[in-house]
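Spelled out, the chains give:
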Amino acid sequence: MMKLVECIPNFSVSRERDEAAFNALVETAQAVAGCTVLDVQSDGTHNRCVFTLVGSPEGIGEAAFRLAKRAMEVIDMTKHQGAHPRMGATDVIPFVPTMDMTVEECVELSRQVAQRIWEELGIPSFLYEESATAPGRVNLAKIRKGQFEGMPEKLLEPEWAPDFGQRKIHPTAGIIAIGARMPLVAFNVNLDTDNVEIAKSIAKAIRGSSGGFRYCKAIGLLLEDRNVAQVSMNMVNYEGTPLYYAYEMIRALADRWGVRIIGTELVGLTPAKALIDCAEYYLKLENFDCHKQVMEYHLVGME
């Protein structure tokens, strides 16, 4: 069986704010043999774009390097502004085992790419999640704290030497988080208010680091183009913390402020089971087995 790995690199640029730079990244990804671009999403408020790539380990490794190089050429972090936390032009490069790949193989791939990016581009990196070299580096939010502007000072602290590179950021491309992880669902909930403090309060209540759901990372922000407050989440284990857990808790907390949910968003691709679990919950399906009762599961692998 052919080995396949998924990669979901995030870049600090958006089509809405810099179409030329965005298009340059898309063209770069599409030109790599052994790599297929499944999805590209862009958000002007976050000033960020997210690619979903899948391919052979060799093709994905090459694509990650070329994209980091192109991002360095077209993005100047000294001029970047956006609602989403960020510390580099290429902000994060996660590798996810997809077919006949192990987490350990993805960890090795992450290390190879990080080393090449440093040696050939001079961009330092932290290893995170399964690739982390210390317990304090597993959590991406903890690594990114301080963001691009505060990172030069942070790198001088004894415990924050980069895993690859010197104790200084690239002057315009910053620093990258690179690692292996299991599938993540980027799930956002939009509220019918422009009061961002409500979204921030809800995010604090539900995220694991504040005592909420263990596998939920959340921030509150304002979508300026819509004047709508958003609870923006990364669900790092959608089975440990299903999407409907977060949705129902947000709905209950929002009700305290007389606020309603007006819509939700998925950023990038998501495993089918994350959505099937929601259908099972809300439809109150009894004795349901998705592998036996969802037609598409039977079609996978058929010629």
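Residues numbered from 1 in each chain as written. Predicted model: local features only at pLDDT ≥ 70, side-chain atom pairs only at ≥ 80, totals over all residues. Heavy atoms only, no water.

Caption draft 1: The arrangement of the pairing of strand 7 (residues 176–180) in detail. Most of strand 7 is tucked away, with 5 of its 5 residues classed as buried. Where burial is concerned, the two faces of strand 7 agree: the one with Ile 176, Ile 178 and Ala 180 and the one with Ala 177 and Gly 179 are both buried. Relative to strand 7, strand 5 (residues 90–99) runs parallel, the two being bridged by 4 bridges. Bridging across to strand 7, Val 92 finds its partner in Ala 177. Sheet analysis places strand 6 (residues 125–129) next to strand 7, joined by 5 bridges and oriented parallel. Bridge pairing in strand 7 links Ser 125 to Ile 176. (Buried < 20%, exposed > 50% of the residue type's maximum accessible area, 1.4 Å probe, protein only. Helix = DSSP H or I, 4+ residues; strand = E, 2+ residues; numbered from the N terminus. Pairing = 2+ DSSP bridges.)

Caption draft 2: Quick look at the UniProt feature "domain: Formiminotransferase N-terminal subdomain" (unreviewed entry) in the chain. Sites flagged by UniProt as "domain: Formiminotransferase N-terminal subdomain" (unreviewed entry) map to residues 3–182. In the segment residues 3–182, helix accounts for 34% and strand for 24%; the C-alpha atoms at its two ends are 16 Å apart. (UniProt positions renumbered as here; feature names shortened; annotations may be inferred.)

Caption draft 3: Highlighting the sheet that holds strand 8 (residues 185–191). Taken together, the 4 strands give an open sheet; going across it, the order is 9-10-8-11, and neighbouring strands pair in antiparallel fashion. If you trace the sheet from one side to the other, it starts and ends with strand 9 (216–223) and strand 11 (261–267), each paired once. Pairs of neighbouring strands in the sheet enclose a mean axial angle of 20°, with direction left out of account. When strand 8 meets strand 11, the two strands line up antiparallel, connected through 6 bridges. Of the residues in strand 11, the one forming a bridge with Asn 188 is Glu 265. (Axes fitted to C-alpha atoms, helices over the stretch in contact; angles between N-to-C directions.)

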